[in-house]
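# Report on the structure
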Amino acid sequence: MNTPRLTVIGTGYLGATHAICMAVLGFEVLGVDVDQAKIDRLASGEVPFFEPGLPELLAKALESGRLRFTTSFEEAAAFGDVHFICVGTPQKQGSHAADMTYVDASVAALAKHLTRKALVVGKSTVPVGTAARLTAMVKELAPAGDEIELAWNPEFLREGFAVEDTMRPDRLVFGVASAWAEERLRAAFEPVLAQDVPVKVTDLATAELVKVAANSFLATKISYINAMAEVCEATGADVSDLAEALAFDTRIGGRFLRPGLGFGGGCLPKDIRAFMARAEELGVGQAVGFLREIDGINQRRRARTVDLVTELAGGDVRGKKIAALGAAFKPNSDDIRDAPALDVASTLHRLGAEVTVFDPAAMENAKRVHPELTYGENALDAAAGADVVVLLTEWTEFREIDPAAMAAVVGTAAIVDGRHALEPAEWRAAGWEYRALGRP
Amino acid sequence: MTIPYPTSQSVQAIAPVTPPSGAPRPRLTFLGTGYLGATYAICFAELGYEVVGFDVDEAKIAKLSAGSVPFHEPGLDELLRRNLASGRLRFTTDYAETAEHGDVHFICVGTPQRADGMGADLSYVEAAVSGLAQHVTRKALIVGKSTVPVGTAEWIEQLVGKHAEPDLGIEVAWSPEFLQEGFAVEDVLRPNRIVVGVKSDWANSMLFAAHKGVFDLAATEDREVPMVVTDFATAELVKVAANAFLATKISFINAMAEVCEVAGGDVTQLAKAIGYDPRIGNRFLQAGVGFGGGCLPKDIRAFQARAQELGAGEALRFLHEVDLINLRRRTKVLQVAAELLDRRFGPAGPDLSGTKIAVLGATFKPNSDDVRDAPALAVAALLRKAGADVHTYDPQGNENAARALPTVTYEDSMKAAVQDADLVCVLTEWAEFRNADPTALGEIAKGKKVIDGRNCLDSTLWTNAGWEYRGMGRG
Ligand SMILES: NC(=O)c1ccc[n+]([C@@H]2O[C@H](COP(=O)([O-])OP(=O)(O)OC[C@H]3O[C@@H](n4cnc5c(N)ncnc54)[C@H](O)[C@@H]3O)[C@@H](O)[C@H]2O)c1
Ligand SMILES: NC(=O)c1ccc[n+]([C@@H]2O[C@H](COP(=O)([O-])OP(=O)(O)OC[C@H]3O[C@@H](n4cnc5c(N)ncnc54)[C@H](O)[C@@H]3O)[C@@H](O)[C@H]2O)c1
């Protein structure tokens, strides 16, 4: 069969990356969003968020003429053979469940215009059962009716490595209901598959579950080592030695075993909560009840970090100057959704501290959501005169800070390493009082 | 595989010491010659050390001295006989003889779950340490290897202080053990890391000397065994933390199986798809009837109990969920059995009377005869309690199982167990069961119904042979 023309509906982190990379790989791609401003920016060659390598690829894709953007679903339906749904599925206000209104709206808007055989592929992270529900909806709304099929292709890209992860993923998962759908997906990923990326072909429900299961596992692994940090704090043990010793066991592995301030972002927290909510609906809430504990451990790390800062500030942060290094939920990203760093910074501010934040990429986003905080020009500027410095996101440039240089600008040389990112011996040698979570 | 870790201590940095006995390499003793201690005693004699194995169980010591390993462990019998013959290995029930022999004494006694709660029973550790300390007449190092609650090493130090001459300068250290039954010899001779909790350079040097055979073996095979040197508390925690992680990983995938069962997914495909992620990995990601054995269940319970005492109970509440998920898998088999046999599953469970069920497997894992807290045996007990006529077969575990659960019938072969059965349950993934011929078994069974409690059978093969096949978490 011929090479399919692709549409990507929802051009946020996931969708924009997917659209751009697929165009670079040689597909004709149409990006669709309801946000006119975002579409205009993308069409003019500007990536509306921080992602290393992506702006260059956008320029290349636009230049090739293979990538265009639109807000018209009619145009999208006419253009595409395979339509990727990449809209957001945030946590519903006042509940743990996923908000499916964007998925439903975008699929409905597209379906109304589908007049010939096409494949609609969900990429967003959704509760299990969504694909089955959307299949019925699409068949009812689309003029082409039963000719339209639905598939699920969960996405595993990591912000900060989005290009690499899209071009060379660990694996692809295709949830399909027919051989035709599998063939279309294989065609839509032909250049990726050509690099021997493993594909797992399965049913729709399993494909949907793969994504939430993977995120639940990663959240569990992070909270596991952070729970060990809590126990270390109660016993005087050192969680970083502990993690090192554990990592030698290949059944455990060192990845995601770094203790610290815990996870955040637009995925892990909302995904595990939505999973709990969905399992509850299915009557097996008890199966994933452990995720509530995982969430709880994660939240407590933020409180513990605030406590450590308070301790170093002499028991009370009121009127104290605190330098907060980091705002993004992880390095190499400007994403501040549910960012532990900003949570800690704003809590310290609420407790009466004068907090100055610096982040290499997320300043603009942070200022929008937390205008009450002060922002520095760079790490040293933020640290000027500080009573306590707290490292909250493990950017490389923070790891490489010269402790002596920073000691020269602060009021008191006291630092809380919320990410186990610094070498304690080095900082102590430079006269710093160094504290980290889970270490004596 | 070893992972070079920049901060772990390089082995060269450790100063050589002369063992207090004056021998060129430290003389070793192992107190408690169960799975752990016997394997160690035998393997370290094989590495060239002079070794004494001590136990209070006369029968066990007599057996070992006569060249017979009292449990099933591949490769161990031959090593035992060879090293007894070499004169480097002997066994005793005499504390004085043990104290006289050893420069480094390893404590390998059991630390079971306490009968009256979730905590670990440390009475055997206490008995072994005080029994030994009273007889020690020169400087020595006492090294705990048993799995214990954090804080135990400090307590042992005090115990030694109470029972031994203070001027002898006896020291204590901790070195947690990670061997897996079924691979014990390999794990002892070729560990993936050695963790030691020490308070002095002398203890560190003695432990290095006591493991030099392991490092030398690695060097001849062009491997490296990393050594992590840390404090007492961290060393103690490594072991329970590792077990807590493994239990969590197993229960995680079993929780996914529970969701798959209601959502119509297939957990085996799910596991495969997420296992490609190197941050997750496919090891310990097989859904089934869950974990058991003498370690994982008791260790995670003791860990919770200890954290509670320390005021950090909240941190480990997830382990309670891990435990519950694990135990629910056992009831799930009962539930599927009732479904397959068309029996109602009421609040008091199903009535399976009048049915004959073959249970294949009794040990908690293959290549072992260990039936401690074995899921297979627990399920057999549940089926029996529900009224079924249960016929169990295990390649190595029949004898131990018959002692632990006398109410079911034990058969000498898989065939004998399956003969005329209405339902077959595969509950331990022995190769003999994985490779069984479903056609041949179909001819002797009465009902061609099978529950694959370990997702270890080829479902297509069994279905094609006419069996009604049910796995765990597979739609
Ligand atoms: N960001 C990641 O790293 C990542 C990784 C894997 C999976 N996911 C999943 O992918 C999905 C998208 O995540 P994201 O981070 O890209 O979100 P995002 O908020 O950055 O982007 C969502 C986009 O969808 C657009 N949109 C909303 N309603 C629409 C409609 N009716 N029609 C067309 N477009 C519409 C929004 O304008 C926005 O541009 C989520 O389900 C998320 O869980 C994200
Ligand atoms: N079996 C494993 O795979 C394994 C792996 C790692 C750690 N561990 C830990 O090692 C310890 C021992 O486990 P095991 O499986 O070998 O137990 P086990 O029950 O097989 O052996 C314990 C032995 O200690 C002996 N003993 C009891 N009191 C004694 C005393 N006062 N002096 C000397 N001997 C005494 C018993 O007679 C028995 O032979 C436990 O703490 C366990 O958690 C076991």
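Here, every reference points to the structure presented above.
As a starting point, this report considers the structure included with it. (Residues numbered from 1 in each chain as written. Chains lettered and ligands numbered in written order. Predicted model: local features only at pLDDT ≥ 70, side-chain atom pairs only at ≥ 80, totals over all residues.)

Residue and element names in this part refer to chain A. Surveying the vicinity of ligand 1 reveals 26 residues, the closest of which are Gly10, Gly12, Leu14, Ser124 and Thr125. Contributing elements (two or more residues each) for the shell around ligand 1: helix H1 (13–24) and helix H5 (101–111). When grouped by side-chain class, the residues that make up the shell around ligand 1 number 11 nonpolar, 10 polar and 5 charged. (Near = placed C-beta within 6 Å. Helix = DSSP H or I, 4+ residues; strand = E, 2+ residues; numbered from the N terminus. Nonpolar A, V, L, I, M, F, W, Y, C, P; charged D, E, K, R; others polar.)

Our focus in this paragraph is the sheet that holds strand S12 (residues 389–393) of chain B. All names here are of chain B. Sheet architecture is open: 6 strands sit in the order S13-S12-S11-S14-S15-S16, paired in parallel fashion. Strand pairing shows two members of the sheet lacking a second neighbour, strand S13 (409–410) and strand S16 (468–470), which therefore form its edges. Across 4 bridges, strand S11 (residues 356–360) lies against strand S14 (residues 423–426) in parallel orientation. Counterpart to Ala358 in the pairing with S14 is Val424. Strands in contact with helix H14 (residues 375–385) are S11, S12 and S14; relative to S11, the strand with the most contacts, it is inclined by about 175 degrees. (Pairing = 2+ DSSP bridges. Contact = placed C-beta atoms within 7 Å. Axes fitted to C-alpha atoms, helices over the stretch in contact; angles between N-to-C directions.)

Attention shifts here to the sheet that holds strand S14 (residues 433–436) of chain A. Residues and elements named next belong to chain A. Strands sit in the order S11-S10-S9-S12-S13-S14 across an open sheet of 6 strands; the sheet is parallel. Each edge of the open sheet carries a strand with a single partner, namely strand S11 (374–375) and S14. Pairing geometry for strand S13 (residues 414–417) and S14, over 4 bridges, is parallel. Among the inter-strand pairings, Asp417 is bridged to a residue of S14, identified as Ala436. On top of the sheet, helix H13 (residues 290–312) reaches strand S9 (321–325), strand S12 (388–391), S13 and S14; it is set at about 170 degrees to S13, its chief contact. The strands that helix H14 (residues 340–350) touches are S9, strand S10 (354–358) and S12; relative to S10, the one it contacts most, it runs at about 160 degrees.

Residue and element names in this part refer to chain B. Lining the immediate environment of ligand 2, one finds 27 residues, of which Gly32, Gly34, Leu36, Ser146 and Thr147 sit closest. Listing elements by their share of the shell around ligand 2, those giving two or more residues are helix H1 (35–46) and helix H5 (123–133). Looking at the shell around ligand 2, the element that brings in the most residues is H5, giving 4 residues. Across the shell around ligand 2, the residue classes tally to 12 nonpolar, 10 polar and 5 charged.

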